[in-house]
Amino acid sequence: SNKPKPSSYSKIFGQTLLKICEQDSKVIGITAAMATGTGLDLLQKNIPEQYVDVGIAEQHAVTLAAGMACDGLKPVVAIYSTFLQRAFDQLIHDVGIQKLPVSFVLDRAGIVGADGPTHQGQYDISYMRSIPNFVLMAPKDEAELQRMLITSINYNGPTALRIPRGSGLGVATMDEGWEPIDIGKAEIIKEGKDIAIVAYGSMVADAVLTSEILEAKNISTCVINARFVKPLDKELITKQAIKFKRLVTIEEGTLLGGFGSAVVELLNDEDINIPVLRIGIPDVLVDHASPNQSKERLGLTPNKMADKIINKFAK
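None of the values given here were measured: they were computed from a predicted structure. (Residues numbered from 1 in each chain as written. Predicted model: local features only at pLDDT ≥ 70, side-chain atom pairs only at ≥ 80, totals over all residues. Heavy atoms only, no water.)

Draft legend 1. Just the sheet that holds strand β9 (residues 221-225), in detail. Spatially, the five strands line up as an open sheet ordered β7-β9-β8-β11-β12, and their pairing is mixed. Both edges of this open sheet fall to β7 (187-190) and β12 (276-281), since each of them pairs with a single strand only. Going across the sheet, the axis of each strand differs from the next one's by a mean of 25 degrees, ignoring polarity. Sheet analysis places strand β11 (residues 247-254) next to β12, joined by five bridges and oriented parallel. (Pairing = 2+ DSSP bridges. Helix = DSSP H or I, 4+ residues; strand = E, 2+ residues; numbered from the N terminus. Axes fitted to C-alpha atoms, helices over the stretch in contact; angles between N-to-C directions.)

Quick look at the structure:
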């Protein structure tokens with residue numbers, strides 16, 4: 001097989017950012033003592049003058065980026081989802097209020113496995129959604145990650161791009177010439193007849209697997225890659241909701257105030273009253289386990305998700 005071996009998302013982010021920095025001296029990578037984990041060690045080795053490690057000081061990393069953005073630079077702040085929580089105040093006051101062009105890359109977003117409850121990236125969708133002026137996105141695979149990174153850096157305002165721990169899907173990536181994505185545009189990746197599934201980020205691939213399990217049971221599902229949680233693709237999602245009259249949302253984050261909540265709020269605002277099944281991390285702390293064990297326990301494997309969909313809509 002000629003399929004490339006999947007790299008970790010952080011490594012692909014690091015390689016892509018390095019290429020962007022080589023082409024644009026105004027792009028600066030910033031991290032808070034997470035160079036290797038986020039993939040920024042590549043930038044540190046190759047272009048140290050476009051790299052800053054502030055140490056374990058996430059609040060300072062965000063405020064430093066805000067200052068740089070005020071001065072015409074293009075900072076890219078790479079911090080684990082769980083540790084960006086420490087800088088919530090700075091996200092609002094220093095970046096959001098001023099609508100500064102700072103790109104945040106939230107590594108280890110979602111279930112991270114063997115680090116226990118302190119390290120789970122389960123809250124970032126909820127806490128970032130509430131901040132005005134931010135654009136929030138998550139890629140379905142490593143090629144889309146590259147496109148989202150260039151979209152973020154080109155955008156004249158604050159963005160947050162969440163990437164999961166672990167490897168991508170093994171899709172081909174590019175060394176340059178990445179095509180930006182239209183802000184707030186989702187895509188239909190599989191047509192269906194009975195139920196619409198809207199998945200966000202790392203759960204898109206699992207949504208497709210879930211859809212295949214349902215196909216085997218004669219339930220035909222349309223799968224939508226949301227790409228953005230803020231702004232949501234209002235036109236596409238409302239159109240599909242009206243067409244299918246049954247909707248499932250899937251995310252790798254807490255259900256409270258998360259992606260599914262955003263979709264339900266949108267439908268409510270548009271007076272579209274249909275049943276919605278939200279699948280994600282319930283209101284629990286995720287304990288020390290491998291990511292797959294956690295997903296099994298939380299009902300986030302394709303088999304478990306297919307069962308939930310059947311129980312809700314097909315009984």
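There's plenty left to go through after this.
Draft legend 2. Examining the sheet that holds strand β5 (residues 135-137) more closely. Strand order in the open sheet formed by seven strands is β2-β1-β3-β4-β6-β5-β10, with mixed pairing between adjacent strands. Two strands bound the open sheet, and with one partner strand each, they are β2 (51-53) and β10 (228-230). Neighbour to neighbour, the strand axes of the sheet diverge by 20 degrees on average, direction disregarded. In the sheet, β5 pairs with β10 via two bridges, with the strands oriented antiparallel. Note that in β10 the partner of M137 across the bridge is F228. Packed onto the sheet, helix α1 (residues 9-23) meets β1 (27-31), β3 (74-80) and β4 (103-107) and runs at close to 145 degrees relative to β1. (Contact = heavy atoms within 4.5 Å.)

Draft legend 3. Broad picture of the environment of V284. Examined against the element boundaries, V284 turns out to sit in the loop between β12 and α12 (291-298). Taking relative accessible area as the criterion, V284 reaches 40% and is therefore assigned partly exposed. Sequence separation of V284 and G166 is 118 residues, and the distance between their C-alpha atoms is 22 Å. Residues within four places of V284 in sequence aside, it is in contact with Q122 and L298. (Buried < 20%, exposed > 50% of the residue type's maximum accessible area, 1.4 Å probe, protein only.)

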